[in-house]
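Okay, here's what each chain looks like letter by letter:
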Amino acid sequence: MMIKPQIVPSEECLRCDVCCRFPEANSFLRPYFTEKEIRQALLYGIDPIHFSDQAGCQIAVVPHPAGEGFLCPAFNHETHQCRLYQVRPFDCQLYPFALMWNVERDTVLFAWDPKCPYLLAQSGEDMPPMWLDIDPASLALPASLLEQAHMVELRLESEDTIASLVAHPRLITDFQPDIVILKPLPRLTAALRDPL
Ligand code: SF4
């Protein structure tokens, strides 16, 4: 499952301090690794103790060795680089886009996360909606980013990606009220509700 290209410029990611860091050890936002992604991570030197279920699970994070909170064990806090970048999991490739169920849990939604400072800045805001008590629906991306979002959407609704997501439904999160909905994904929804 590959979602490319990366929409946030690398230089922005390298100076950001949001991704790959987590306030709590059991953070809901820890990336989920599929069985294949776990095998690849092990080949890249990640210790198997970070995976509680080799068939697929969220990675176990480690205390930040020089600061507060927790880090993904694949994250190098000195260089701000991912040791798995070439084989990073789908969850990390997709971010700052996201997949979640709607409140009724009958439709999969394609969305973007305003906790990403780059995307938030592109929308013309400088504070995430959860800090300002504003409606995430009031945030809009510029046309160039919406075009890139559309390319990602086409990839998500392709047959091979749908098959992988049906095999790993945990990659679709519960509804998150603080992220910005782009559109529903009808083919993926249908496949998840009625797997072959
Ligand atoms: S796998 Fe890499 S990109 Fe994903 S959270 Fe860990 S360090 Fe970050």
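For clarity, every value in this text was computed on a predicted model and none was experimentally measured.

Chemist: What exactly am I supposed to notice about the packing of helix α7 (residues 159-167) against helix α8 (residues 186-193) here?
Modeler: Axis separation between α7 and α8 bottoms out at 10 Å; the angle between their running directions is 40°. Classified by the angle their axes make, α7 and α8 are oblique. As α7 runs across α8, the sense of the crossing is right-handed. Counted together, E159, I162, L165 and V166 of α7 and R187, L188, A191 and L192 of α8 form the full contact between these two elements.

Chemist: Just checking my understanding: could you explain the state of the cysteines for this structure?
Modeler: Chemically, a disulfide is nothing more than a covalent bond linking the sulfur atoms of two cysteines. Here the structure, examined in full by the defined rule, presents 0 disulfides. Lacking any disulfide linkage, C57 is separated from the closest cysteine sulfur, that of C72, by 11 Å.

Chemist: Would you explain α8 in this entry?
Modeler: Because each turn of an α-helix spans 3.6 residues, side chains separated by three or four positions end up pointing in the same direction. Inspection of α8 places L188, T189, A191 and L192 among the buried residues, and these make up the whole buried set. Within α8, the buried residues cover an arc of 165° as seen down the axis, which keeps them to one side. Turned more than 90 degrees off the buried face of α8, the exposed positions are P186 and R193.

Chemist: Just checking my understanding: could you explain the sheet that holds strand β4 (residues 62-63) for this structure?
Modeler: Pairing is antiparallel across the open sheet formed by 3 strands, whose spatial order is β1-β5-β4. Whereas interior strands pair on both sides, the edge strands pair on one side only; in this sheet they are β1 (21-22) and β4. Strand direction decides the pairing type here: β1 and strand β5 (residues 70-71), joined by 2 bridges, are antiparallel. Within β5, the position partnered with R21 by the bridge is L71.

Chemist: What is the right way to read the nonpolar core from this model?
Modeler: Across soluble globular proteins, you tend to see nonpolar side chains buried next to one another. If you look at the biggest cluster of nonpolar residues, it comprises 30 residues, and the most contacted ones within it are F97, L99, V108, L119, L156 and L188. For this core, the secondary-structure elements that each account for two or more residues are α3 (90-94), β8 (97-101), β9 (108-112), α4 (117-122), α6 (143-156), α7 and α8. By residue number, the principal contributor to this core is α6, which donates 4 residues. When neighbours within four sequence positions are excluded, L188 is seen to be in contact with L99, V108, E157, I162, L165 and I172. Within the second largest apolar cluster, 15 residues are counted, among which are F33, I38, C57 and L71.

Chemist: What's the story with α6 in this structure? I'm lost.
Modeler: Over its 14 residues, α6 runs 20 Å from end to end, which matches the ideal 20 Å to within 8%, given 1.5 Å per residue. Residues L145, A149, V152, E153 and L156 constitute the buried set of α6. Seen from one end, α6 has its buried residues packed into an arc of 105°, which puts them on one side. With respect to the buried face of α6, the exposed residues turned more than 90 degrees away are A143, E147 and M151. Looking at the buried positions of α6, the neighbouring elements they touch are α3, β8, β9, α4, α7 and β10 (180-184).

Chemist: So what exactly am I meant to see when it comes to a nonpolar patch on the surface here?
Modeler: A contiguous nonpolar patch, built from V103, F175 and I181 and spanning about 270 Å² of accessible area, is present on the exposed surface. On the secondary structure map, F175 appears in the loop between α7 and β10. Exposure remark for F175: the relative accessible area of 33% places this residue in the partly exposed category.

Chemist: When you look at the domain arrangement of the protein chain in this model, what are you seeing that I'm missing?
Modeler: How big an interface is tends to be stated in terms of accessible area lost as the parts join. Taken as a whole, the protein chain is organised into domain 1 (10-89) and domain 2 (96-193). The C-alpha-based centres of domain 1 and domain 2 are spaced at 21 Å. Counting residues at the interface gives 10 residues for domain 1 and 8 residues for domain 2. Across the domain 1/domain 2 interface, buried area totals approximately 790 Å², and carbon plus sulfur atoms make up 76% of it.

Calculation notes
- Starting from 1, residues in each chain are numbered consecutively following that chain's sequence as written.
- At least 70 in pLDDT is required for a residue's local features to be given in this predicted model, at least 80 for side-chain atom pairs to be given and counted, and no such filter applies to totals for whole chains, interfaces and linings, which use all residues.
- Hydrogens and water are ignored here; the side-chain numbers use all heavy atoms of the structure.
- To obtain each axis, a line is fitted to C-alpha atoms, and for helices this fit is confined to the stretch in contact; angles are then taken between N-to-C directions over 0 to 180 degrees.
- Strands here mean DSSP runs of E at least two residues long; helices mean DSSP runs of H or I at least four residues long; both are numbered from the N terminus.
- If an angle is under 35 degrees, it is roughly parallel; if it is over 145, roughly antiparallel; if it lies from 65 to 115, roughly perpendicular; otherwise it is oblique.
- Should the near helix be turned anticlockwise from the far one by less than a right angle, the crossing is termed left-handed; should it be turned clockwise, right-handed.
- The contact definition used throughout considers only heavy atoms, calling two residues in contact when any of these lie within 4.5 Å.
- Cysteine sulfur pairs qualify as disulfides if the two atoms are within 2.5 Å.
- Only protein chains enter the accessibility calculation, which uses a 1.4 Å probe. A residue is then buried if its area is under 20% of the maximum for its type, exposed if over 50%, and partly exposed in between.
- Directions from the helix axis toward the C-beta atoms define the arc.
- Strand pairing is assigned whenever DSSP detects at least two bridges linking the two strands.
- Each nonpolar core is a collection of buried residues, namely Ala, Val, Leu, Ile, Met, Phe, Trp, Tyr and Cys, held together in the definition by side-chain atoms within 4.5 Å.
- What a helix is expected to span follows from its residue count: subtract one and scale by 1.5 Å.
- Residues enter patches when their relative accessible area tops 30% and they take part in no salt bridge; the joining distance is 9 Å for like charges and 5 Å for the nonpolar side chains Val, Leu, Ile, Met, Phe, Trp and Tyr.
- Accessibility throughout is a Shrake-Rupley quantity obtained with a 1.4 Å probe, and a residue counts as covered only by protein chains that appear here.
- For this analysis, a salt bridge means a side-chain nitrogen from Lys or Arg found within 4 Å of a carboxyl oxygen belonging to Asp or Glu.
- These domain boundaries are the output of an automatic or database domain assignment.
- Summed over both partners, the accessible surface that disappears when two parts come together, traced with a 1.4 Å probe, is what is meant by buried area.

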